[in-house]
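Chains, contacts and geometry: an overview
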Amino acid sequence: MKLSHGLTRPWPSVLMFLFYGISFTSLSVALTSIKVGVAYAVWSGAGILLISLAGALFFEERLSGSSLLWVTVIVTGIVGLNISAKGH
């Protein structure tokens, strides 16, 4: 999204919509076999983690210690939710 400069650059804009489509399609497929709460938690948590990493790697955005802590808490929560959902 950042590279599209407000949808004014065609190729980054096309890629953005393509990846959004892949993302929503993957969520739809996951919902056929996973509970909604777990699937959405994994989907959103993966998005937070991947976007944080992409920002740090490609856009030189600094991740503070507290940011890393809270991303870790989110990922830990998703793992816990997934483990508890499998137990039922």
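Calculation criteria
- Residues numbered from 1 in each chain as written.
- Predicted model: local features only at pLDDT ≥ 70, side-chain atom pairs only at ≥ 80, totals over all residues.
- Heavy atoms only, no water.
- Salt bridge = Lys/Arg side-chain N within 4 Å of Asp/Glu carboxyl O.
- Helix = DSSP H or I, 4+ residues; strand = E, 2+ residues; numbered from the N terminus.
- Buried < 20%, exposed > 50% of the residue type's maximum accessible area, 1.4 Å probe, protein only.
- Patch = residues over 30% accessible without salt bridge, like charges linked within 9 Å, V, L, I, M, F, W, Y side chains within 5 Å.
- Areas by Shrake-Rupley, 256 points an atom, 1.4 Å probe, with all protein chains shown as cover.

**Description of the pattern of salt bridges**
One side chain can pair with another of opposite charge once the charged atoms of both are near each other. Throughout the structure, instances matching the rule amount to one salt bridge. Between Glu61 and Lys2 there is a salt bridge whose closest N-O contact spans 3.2 Å. A residue pair is termed long-range when its members are at least 10 positions apart, and Glu61 in the loop between α2 (36-58) and α3 (65-86) and Lys2 in the segment before α1 (10-30) qualify at 59 residues. You can call Glu61 partly exposed: its relative accessible area is 39%.

**Here's the deal with a nonpolar patch on the surface**
A surface patch of nonpolar side chains, amounting to about 960 Å² of accessible area, comprises Leu3, Leu49, Leu50, Leu53, Leu57, Phe58, Phe59, Val75, Val79 and Ile83. For the nonpolar patch, the secondary-structure elements that each account for two or more residues are α2 and α3. Among the elements that make up the nonpolar patch, the one with the highest residue count is α2 (five residues). Mapped onto the secondary structure, Ile83 falls in helix α3.

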